[in-house]
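# A structural walkthrough
What follows is each chain in one-letter form.
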Amino acid sequence: MAWTPATFVLFCGIFGAIAVIGVLEVFKYRDGIERKGVLGLTTTLGDRLFISLLGTAYIFLAWLGLVGQPVWWPLGISIAWGIFCFRKV
């Protein structure tokens, strides 16, 4: 895998999100705020982060496989998916 500046920023963002969720789980939400969402799953903050990251990967792969460049539209769809995951899942 080539470490380009874009790849570096992507991985820093992922690890940063994991760190933020970890800090929130330790200091603010000690019991883990479990809730049952629209998918019928009982999830915590970490679960919702994982679901949103996994969905984002699928959105980008599907977009690149079906449409190709540019990737601004899947970025917007992925942000909307992440907001949906943290609010409703």
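Look a little higher up for the structure.
Fair warning: this is a prediction, and the values are worked out from it, not measured in the lab. (Residues numbered from 1 in each chain as written. Predicted model: local features only at pLDDT ≥ 70, side-chain atom pairs only at ≥ 80, totals over all residues. Heavy atoms only, no water.)

Turning next to the layout of surface pockets. In this structure, the largest pocket spans a volume of roughly 830 Å³. Where the lining of the largest pocket is concerned, the elements lending two or more residues are helix 1 (5-28), helix 2 (45-66) and helix 3 (72-88). Its residues assigned to classes, the lining of the largest pocket shows 17 nonpolar, six polar and no charged. (1 Å grid on protein atoms, 1.4 Å probe; cavity = no way out; pocket = protein on both sides within 12 Å on 5 of 7 lines; lining within 4 Å. Points joined across faces, edges and corners; volume = space filled by probe spheres on them. Helix = DSSP H or I, 4+ residues; strand = E, 2+ residues; numbered from the N terminus. Nonpolar A, V, L, I, M, F, W, Y, C, P; charged D, E, K, R; others polar.)

A few words now on the packing of helix 2 against helix 3. The N-to-C vectors of helix 2 and helix 3 enclose an angle of 160°; their axes lie 9 Å apart at closest approach. With respect to helix 3, the axis of helix 2 lies roughly antiparallel. Along this stretch, helix 2 crosses helix 3, giving a crossing that reads as right-handed. Seen from helix 2, the contacting residues are L45, R48, L49, I51, S52, G55, T56, I59, F60 and W63; seen from helix 3, they are W73, P74, L75, I77, S78, W81, G82, C85 and F86. Of the residues contributing to the contact of helix 2 with helix 3, the split by class is 13 nonpolar, five polar and one charged. (Axes fitted to C-alpha atoms, helices over the stretch in contact; angles between N-to-C directions. Parallel < 35°, antiparallel > 145°, perpendicular 65-115°, else oblique. Left-handed = near helix turned anticlockwise from the far one by under 90°. Contact = heavy atoms within 4.5 Å.)

Let us now look at a nonpolar patch on the surface. A cluster of nonpolar side chains, namely V38, L39, L41 and F84, defines an oily patch on the protein surface of about 360 Å² accessible area. Note on placement: V38 falls in the loop between strand 1 (35-36) and strand 2 (42-43). On the basis of relative accessible area, V38 is assigned to the exposed category, the value being 55%. (Patch = residues over 30% accessible without salt bridge, like charges linked within 9 Å, V, L, I, M, F, W, Y side chains within 5 Å. Areas by Shrake-Rupley, 256 points an atom, 1.4 Å probe, with all protein chains shown as cover. Salt bridge = Lys/Arg side-chain N within 4 Å of Asp/Glu carboxyl O. Buried < 20%, exposed > 50% of the residue type's maximum accessible area, 1.4 Å probe, protein only.)

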